[in-house]
Amino acid sequence: MGPLVEPVTSAERLPPQADVVIVGGGIIGTSAAFSLAQRGVNVALCEKGHIAGEQSSRNWGWCRRMGRDPRELPLSVVALRLWNEMHQLVGEDVGFRPAGILYTCDDDAAVGRRETWLKLAGDYALDTRMVAGAELERLLPGSTRKFRAALYTPSDGRAEPQKAAPAIARAAARRGATILTQCAVRGIETAAGRVSAVVTEKGRIACGSVVIAGGIWSRLLCQAQGLRLPQLAVRASVMRTAPVEGGPETAAWTPHFAFRKRLDGGYTVADGSANRYDIVPASFRYLADFFPVLKLEWKHLELRFGGRFFEEWGFSRRRSPGEISAFEKVRVMDPAPVAHQLEHARRALEQTFPVFKGVAIAQQWAGLIDALPDTVPVISPVDKLPGLFLATGFSGHGFGIGPGAGHLVADLVTGTKPVVDPSPFRYARLIDGTRPNPYTGV
């Protein structure tokens, strides 16, 4: 069972018309709805399950600028500014605390990689710096390991994934947005060569613009419109502990585990490197697209062939708007966590920080990360179909960058000057051969 997410009350009636319909109620979709509602745009958000039901409530809760692909840095700066203002913006505490994040280094090679990122980041590095010795020990109290060094950003922070998107959705509703849950979008209608409406399981909403922010489900909705979106899903497993006295305040990553403190005094913990990839029919369709990143991440991916292959095979069948869609068949994708990955992380954490020994594991879960071949999201209009916008493929970076991404989506939809240069996130790069190689990063 997935994490317990704060509830959001659905609107009782389907509006006959909206300026913009957003498909997907995760951190990206709710942030876009909030930003549009702030501008007085008539926006409706349709979520097939409940708000933040999938990866937006299942991630680590990190809000970071540090270590990002250089193409994401300008947007991550915007996002961190919004996280710092979030309590005032939405009128609720979403748990954001600028408690800092560390990327530890075990050897000189790791130090070199992180120093290279600092040079690439340039002015966007802001307060990020290398730390070592006594300062690093103060940031990681109780550690039995002497790390060579760490990349440290004091202004990076953490928030609560089970609170954030629901709070943003409720704030959007107070500003006039229509939030619809248990309301899957089955298809998109067009007229005169542009978007004209969405067809939901509850009826039709006429609109001039549609934003697909459906996480791992975005590919299927694009496929129904004849659009190629090379997107695959990676399973990431997470656990949370009972409250811990005397644990570190600063979030940290090591090759074997990563953690951050929670508002309830417990910790969110995951393996620092390993994820599972379930082979599905789309794996073969997009093999050439993903081959470069597969070479980079091969050691950290656990490949598996099983029921997901046949489940996705069934999802890919074309359906008419009058049929029950794949989105209704799976209201909330709730994959099982990979137990041995979490056990490895737990053992490594306890060995490094004895304060965690014997602490109860309160819950375990997994989520599916919506990955693109260059690990940078699409936040873009689709030239082939005016009125259609994509905001997907955040490749495990979506929670922290979400508020900034929502702002950029609203800029693009309304024709406002974009808050950052949107060209690195253009959809066309995935289909015209101009896609950069994945960033090897820190």
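See the structure printed just above.
The written sequence of each chain sets the order in which its residues are numbered from 1. Per-residue local features of the predicted model are confined to residues with pLDDT of at least 70, and side-chain atom pairs are confined, for both listing and counting, to 80 or more; whole-chain, interface and lining totals are unaffected and use all residues. The side-chain figures draw on all heavy atoms in the structure; neither hydrogens nor water molecules are used.

### A look at the overall build of the protein chain
In step 1: When helices and strands are tallied, the protein chain shows 13 helices and 20 strands.
In step 2: Taking the principal axes of its C-alpha atoms as reference, the protein chain extends roughly 65 × 45 × 40 Å.
In step 3: Burial classes: relative accessible area under 20% of the type maximum marks a residue as buried, over 50% as exposed, and values in between as partly exposed (1.4 Å probe, protein chains only). Out of the 442 residues in the protein chain, the part that is buried amounts to 58%.
In step 4: Between two residues, a contact is recorded if the distance between any of their heavy atoms is within 4.5 Å. A sequence separation of at least 24 residues applies to 76% of the contacts in the protein chain between residues at least 6 apart. By the criteria applied, helices consist of DSSP H or I runs no shorter than four residues and strands consist of E runs no shorter than two, each listed in order from the N terminus.

### Here's the deal with empty space enclosed by the protein
In step 1: Space inside and on the surface of the protein is sampled on a 1 Å grid over the protein atoms alone, with a cavity defined as a set of points where a 1.4 Å probe fits but cannot get out and a pocket as an open set with protein on both sides within 12 Å along at least 5 of 7 lines; lining residues have an atom within 4 Å of a point. Grid points are joined across faces, edges and corners, and a volume is the space filled by probe spheres set on the points. Tallied over the full model, the rule gives four cavities of 30 Å³ or more.
In step 2: Here the largest cavity defines a volume of roughly 90 Å³.
In step 3: Around the largest cavity, the lining residues are Ile216, Arg219, Gln231, Leu232, Ala233, Tyr277, Asp278, Val280, Arg308, Glu312 and Leu368.
In step 4: Of all the elements in the fold, those that place two or more residues in the lining of the largest cavity are strand 12 (232-241), strand 16 (275-278) and helix 10 (307-315).
In step 5: The residue makeup of the lining of the largest cavity, split by class, is six nonpolar, one polar and four charged. Gly falls in the polar group here, along with every residue not listed as nonpolar (Ala, Val, Leu, Ile, Met, Phe, Trp, Tyr, Cys, Pro) or charged (Asp, Glu, Lys, Arg).

### A closer look at the environment of Gly95
In step 1: Note on placement: Gly95 falls in the loop between helix 3 (73-90) and strand 4 (101-105).
In step 2: Gly95 sits 168 residues away from Leu263 along the chain, and the two C-alpha atoms are 6.5 Å apart.
In step 3: Residues within four places of Gly95 in sequence aside, it is in contact with Arg158, Ala159, Glu160 and Leu263.

### Notes on the pairing of strand 6 (residues 149-153)
In step 1: Counted residue by residue, strand 6 has five buried out of five residues, so it is predominantly covered.
In step 2: Side-chain alternation along strand 6 places Ala149, Leu151 and Thr153 on one buried face and Ala150 and Tyr152 on a second face that is also buried.
In step 3: DSSP-based pairing: two strands are paired if at least 2 bridges between them are found. Across five bridges, strand 4 lies against strand 6 in antiparallel orientation. Bridging across to strand 6, Cys105 finds its partner in Ala149.
In step 4: Relative to strand 6, strand 5 (residues 129-131) runs antiparallel, the two sharing three bridges. Looking at strand 6, one finds that Met130 is bridged to Leu151.

### Structural notes on the pattern of salt bridges
In step 1: In what follows, salt bridge is the name for a side-chain nitrogen of Lys or Arg lying within 4 Å of a carboxyl oxygen of Asp or Glu. Tallied over the entire structure, the rule returns 31 salt bridges.
In step 2: Arg71 is paired through a salt bridge with Asp69; the nearest N and O atoms lie 2.6 Å apart. No difference in accessibility class separates Arg71 from Asp69, as the two residues are buried.
In step 3: Measuring nitrogen to oxygen at the nearest pair gives 2.7 Å for the salt bridge that ties Asp374 to Arg429. On the criterion of sequence distance, the pair formed by Asp374 in the loop between strand 18 (361-371) and strand 19 (378-381) and Arg429 in the segment after helix 13 (398-414) is long-range, its members being 55 residues apart.

### Concerning the packing of aromatic side chains
The relation between two aromatic rings is expressed through the spacing of the ring centres and the mutual angle of the planes.
In step 1: Between rings of Phe, Tyr and Trp, where Trp is taken as its six-membered ring, a pair exists when centres lie within 6.5 Å; planes separated by under 30 degrees are stacked, by over 60 edge-to-face, and by other angles tilted. Taken as a whole and assessed by the stated rule, the structure comprises 13 aromatic pairs.
In step 2: Plain terms: the ring middles of Trp83 and Phe399 are 5.1 Å apart, the flat faces sit at 40° to each other, and that makes the pair tilted. Residue Trp83 is located in helix 3, and its partner Phe399 is located in helix 13; the two are separated by 316 residues in the primary sequence. Neither residue differs from the other here; Trp83 and Phe399 are each classed as buried.

### Points about the pairing of strand 10 (residues 194-200)
In step 1: Among the seven residues in strand 10, six count as buried, and that is most of the element.
In step 2: Sheet analysis places strand 9 (residues 185-191) next to strand 10, joined by six bridges and oriented antiparallel. Counted as the bridge partner of Val185 is Thr200 from strand 10.
In step 3: Relative to strand 11 (residues 203-212), strand 10 runs antiparallel, the two being bridged by four bridges. Paired with Thr200 across the two strands is Gly203, which belongs to strand 11.

### Things to note about the nonpolar core
In step 1: The criterion is simple. A nonpolar core is a set of buried Ala, Val, Leu, Ile, Met, Phe, Trp, Tyr and Cys residues joined through side-chain atoms within 4.5 Å. Ile22, Trp83, Val211 and Ile379 are the most contacted members of the largest nonpolar core, which has 54 residues in total.
In step 2: Among the secondary structure elements, those contributing two or more residues to this core are strand 1 (17-23), helix 1 (27-38), strand 2 (43-46), helix 3, helix 6 (161-174), strand 20 (388-392) and helix 13.
In step 3: Discounting residues that sit within four places of it in the chain, Trp83 has contacts with Ile27, Cys63, Val94, Phe96, Ala159, Ala164, Phe399, Gly400 and Pro403.

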